[in-house]
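The primary structure of each chain is shown beneath.
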Amino acid sequence: MNQYTPPVTPVDERLRWVDSFSRLLDNQFKLPGTKFRFGLDPILGLLPVVGDMTSFAMSGVLVMTMAKHGASRYLVVRMLFNIFLDAVIGSIPVVGWLFDFGYKANQRNVELLRRHYQEGKYQGKGTGFIIAVLIAFVVLFGLLLYGLWKLAQFIWYWAYSAW
């Protein structure tokens, strides 16, 4: 049987590594005997703070690349929301780790970009917009760090007062 494969546009070719990198983060490995897939994101989540920040940064690079190759402003905002949500909930011990296995923000973002291209909404390069996205990403990164710091302080004081 022949499976239909949609034609590959030049934009798709330029973003092939985005798809590969996204797959590495979210779906690279398969649990033997099941259809369940996972990537490096939940594995990195096992490392407190450092793993979540690394995953957030790698996801940010993907979004920046997608913005560079024609993602609309609205689409980039949705992508940033996906990775911010993944980072915030993913930083909660145990619950966040389980969330990382299921949410797969990077794959969601690649799918959003695919639909964006299929609908003909490709916008070309937006250098000025990329700078704005970078600033937004740095702000989100700072907010995430601040939130993790406050959470660690709370846990520390709670544990100290329990003794």
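Whatever comes next refers back to the structure up there.
(A) Up close: unusual backbone geometry. Despite not being glycine, lysine 104 shows a phi value in the positive range, around 50 degrees. Take lysine 104: it is sitting in the loop between α6 (95-103) and α7 (105-118). The exposure class of lysine 104 is buried, given its relative accessible area of 15%.

(B) Looking closely at helix α2 (residues 16-26). Looking at α2, one finds that the buried residues are Val18, Asp19, Ser22, Leu25 and Asp26. The arc that holds every buried residue of α2, seen down its axis, measures 125 degrees, which confines them to one face. On its buried face, α2 sits against β2 (37-38), α3 (40-44), α4 (50-68) and α7.

(C) Structural view of the packing of aromatic side chains. Tallied over the entire structure, the rule returns 6 aromatic pairs. With centroids separated by 6.3 Å and ring planes inclined at 25 degrees, the aromatic side chains of phenylalanine 36 and phenylalanine 38 adopt a geometry described as stacked. Phenylalanine 38 sits in the buried class, given a relative accessible area of 17%. With a centroid separation of 4.9 Å and an interplanar angle of 80 degrees, the aromatic rings of tryptophan 97 and phenylalanine 101 are classed as edge-to-face.

(D) Region of the structure containing α6. Among all positions in α6, only Gly96, Asp100, Phe101 and Tyr103 are buried. Structurally, α6 contributes buried residues whose contacts are with β2, α3, α4, α5 (73-90) and α7.

(E) Quick peek at the nonpolar core. Ranked by size, the top nonpolar core spans 30 residues in total, and within it Leu80 and Leu113 carry the most contacts. Elements supplying a minimum of two residues to this core: α2, α4, α5, α7 and α8 (127-162). Ignoring any residue separated from it by four or fewer positions in sequence, one finds leucine 113 in contact with Leu15, Met66, Ala71, Leu75 and Met79.

Basis of the calculations
- Residues numbered from 1 in each chain as written.
- Predicted model: local features only at pLDDT ≥ 70, side-chain atom pairs only at ≥ 80, totals over all residues.
- Heavy atoms only, no water.
- Helix = DSSP H or I, 4+ residues; strand = E, 2+ residues; numbered from the N terminus.
- Buried < 20%, exposed > 50% of the residue type's maximum accessible area, 1.4 Å probe, protein only.
- Arc of directions from axis to C-beta.
- Contact = heavy atoms within 4.5 Å.
- Phe/Tyr/Trp six-rings, centres within 6.5 Å; stacked < 30°, edge-to-face > 60°.
- Core = buried A, V, L, I, M, F, W, Y, C linked by side-chain atoms within 4.5 Å.

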